[in-house]
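Fold and geometry: a report
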Amino acid sequence: MRSVLRFLQPVKSLVNASSGSDKRMFSSSSGKARTFPTTLEGFGYGFNEDGKLKRIDKETGKLTEKGFDFNIYTSAQENQAHYEALGETITDAVYERLEKNVGMKKLFLPDDVPQEEATFIFSTTDKLNKSKKLLVLIHGSGVVRAGQWARSLIINHSMESGTQIPYINKGRELGYEVLLTNTNDNYRKVAGGGTKGIKGSRNPTEHAVSVFEKYIIPSEPEAVAIVAHSYGGVVTVELAQKFPQFFKEKVFAVGFTDSVHSSSLVPEVLIPIGRNWVTSKEPLDTTLTISKRDLPRYSAGHIKHEMTSYSCMDALFKFFEQRYEQFKGDADSSGPDTKKPKSEL
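Residues numbered from 1 in each chain as written. Predicted model: local features only at pLDDT ≥ 70, side-chain atom pairs only at ≥ 80, totals over all residues. Heavy atoms only, no water.

The protein is annotated in an unreviewed UniProt entry as Arb2 domain-containing protein from Aedes aegypti.

Inspection of the entire model under this criterion finds 20 aromatic pairs. Arranged with centres 5.0 Å apart and planes meeting at 70 degrees, the rings of Y95 and F120 form a pair that is edge-to-face. Here the residue Y95 occupies a position in helix α2 (residues 76-100), and F120 occupies one in strand β7 (residues 119-123), the gap between them amounting to 25 residues. Since its relative accessible area comes to 11%, Y95 is described here as buried. Members of the aromatic cluster, each reached through a chain of ring pairs, are W149, Y167, F252, W277, Y298, F317, F319, F320, Y324 and F327. The ring of Y176 carries the charged tip of K133 above its face, separated from the ring centre by 4.3 Å. Here the basic side chain of K133 rests over the ring of Y324, its NZ or CZ set 4.6 Å away from the ring centre. (Phe/Tyr/Trp six-rings, centres within 6.5 Å; stacked < 30°, edge-to-face > 60°. Helix = DSSP H or I, 4+ residues; strand = E, 2+ residues; numbered from the N terminus. Buried < 20%, exposed > 50% of the residue type's maximum accessible area, 1.4 Å probe, protein only. Lys NZ or Arg CZ within 6 Å of the ring centre and 35° of its normal.)

With that settled, consider helix α6 (residues 204-216). Turn by turn, an α-helix covers 3.6 residues, leaving residues three or four places apart pointing in a common direction. Extensive coverage of α6 is indicated by the burial of 10 of its 13 residues. Taken together, the buried positions of α6 are P204, T205, H207, A208, V209, S210, V211, F212, Y215 and I216. Among the residues of α6, the N-terminal cap falls to N203, whose side-chain oxygen and the backbone nitrogen of T205 are separated by 3.2 Å. (Polar contact = N/O pair within 3.5 Å; in protein donor to acceptor, adjacent residues only side chain to side chain.)

The next point concerns the pairing of strand β13 (residues 251-257). Buried residues dominate β13, accounting for 7 of its 7 residues. Note that strand β12 (residues 224-229) and β13 share 6 bridges and pair parallel. Across the sheet, I226 pairs through a bridge with V254, a residue of β13. Summarising the sheet, β13 and strand β14 (residues 274-278) pair through 4 bridges and their orientation is parallel. Counted as the bridge partner of F256 is N276 from β14. (Pairing = 2+ DSSP bridges.)

A separate point is the nonpolar core. Counting 53 residues, the largest nonpolar core has L53, L86, I90, L135, L137, Y167 and F320 as the members making the most contacts within it. Ranked by the residues each element gives to this core, the list is headed by α2, at 9 residues. Inspection of this core shows a minimum of three residues originating in each of domain 1 (36-101) and domain 2 (104-331). In this view, L53 contacts L40, Y45, G46, F47, K66, G67, F68, L86, I90, I154 and I155; residues no more than four positions away in its chain are not counted. Core analysis: the next-biggest nonpolar cluster, separate from the first, contains 33 residues, L109, V136, I226 and F243 among them. (Core = buried A, V, L, I, M, F, W, Y, C linked by side-chain atoms within 4.5 Å. Domains from an automatic or database assignment. Contact = heavy atoms within 4.5 Å.)

As a further point, take the packing of helix α5 (residues 165-173) against helix α10 (residues 313-333). Running from amino to carboxyl end, α5 crosses α10 at an angle of 35 degrees, the nearest separation of the two axes being 12 Å. Seen along the crossing, α5 lies across α10 with a hand that is right-handed. Contacts between α5 and α10 involve P166, Y167, K170 and G171 from the first element and M313, L316 and F317 from the second. Each residue belonging to the contact of α5 with α10 can be placed in one class, and the counts come to 5 nonpolar, 1 polar and 1 charged. (Axes fitted to C-alpha atoms, helices over the stretch in contact; angles between N-to-C directions. Left-handed = near helix turned anticlockwise from the far one by under 90°. Nonpolar A, V, L, I, M, F, W, Y, C, P; charged D, E, K, R; others polar.)

As a further point, take α2. Its 25 residues place the ends of α2 36 Å apart at the C-alpha level, agreeing with the 36 Å of an ideal helix rising 1.5 Å per residue. In terms of burial, α2 is a largely internal element, 18 of the 25 residues being buried. (Expected span 1.5 Å × (residues − 1).)

On to the environment of V235. Counting through the fold element by element, V235 comes out in helix α7 (residues 232-242). Sequence separation of V235 and S259 is 24 residues, and the distance between their C-alpha atoms is 9.9 Å. Those residues in contact with V235 that lie beyond four places of it in its chain are I138, P204, T205 and A208.

Time to look at the side chain of Q164. Relative to the assigned elements, Q164 resides in the loop between α4 (159-162) and α5. With a relative accessible area of 0%, Q164 lands in the buried category. Not counting the four nearest positions on each side in its chain, Q164 is found in contact with L137, I138, H139, G147, Q148, W149 and L180.

Helix-helix packing: each pair is described by the crossing angle between the helix axes and the interaxial distance. Contact pair α6 / α7: the axes reach a minimum separation of 10 Å and the direction vectors enclose 50 degrees. Overall, the two elements α6 and α7 adopt an arrangement that is oblique. α7 is crossed by α6, and the crossing has right-handed handedness. Across the interface between the two elements, P204, T205, A208, V209, F212 and E213 of α6 pack against V235, E238, L239 and K242 of α7. Of the residues assigned to the contact of α6 with α7, the class counts are 6 nonpolar, 1 polar and 3 charged. (Parallel < 35°, antiparallel > 145°, perpendicular 65-115°, else oblique.)

Structural data, given as structure tokens:
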């Protein structure tokens, strides 16, 4: 099977299916348009019990052992368009699994407009309120949406490696409420075929700031940990710049997975509480080059950027638990807090 990771050039334009439609139209860079199904079954695929994408046998309707095939057309552009269209159904499948199988609740943002004009995030509870431990997951840039680390991994490897579901499950096991951001969901279609930016979510950082202002800070969590992959590291750095007091008082750990942030912009508050697990041939959690102006770097135990979140998960949560014990100890030694936290809204 030829990996789609080699094909990084996206199609030029995308027209999402209108309500009630069972087709999506994609235009390639050559200008040729094709319509595609809007369901996995329509593409002839499904996920098996191990969360691996497999082809459906046309005769029996059962899943086979055949995985995704990128090369179904003679044109590379058309193959890419097919891959992008399939990816949209993958996003829908992840959303469905988060709600039906994992029990996540969808929270809309903003919540004062019609839902079709808003974006949404996912939470383990429909109302965050003074969480003892809150875990916030921030994905990278591009086509990924809430619940995903890498769409290419979901298609070519498994739901396990490509989605945030293992982090949700591990977080719950350790007593966290979990919140998934949706930083790349920035636009909605409007009449006439154009698009309009979603209020408060027109770019990844604006979305994350809105999530903090609407859901996280007002819920007054006791302790917060953040996992951020790739460009999610940039978003987290900007959040720490925006809400310095909240990060100082509430955020006890930050785990970056191959973040692309600039070390010169990292606030000092992040350095003692954070680590960045990066691509490396070294064994998992091996200490790498450390800069005084940046988060300490450790090996993610994998050489592929897309795999770093999955491959470093055990080391990351071990670090989080160590940080939490230290955070609790510091809070106990400082005595009861009679001051109300400063508002940063």
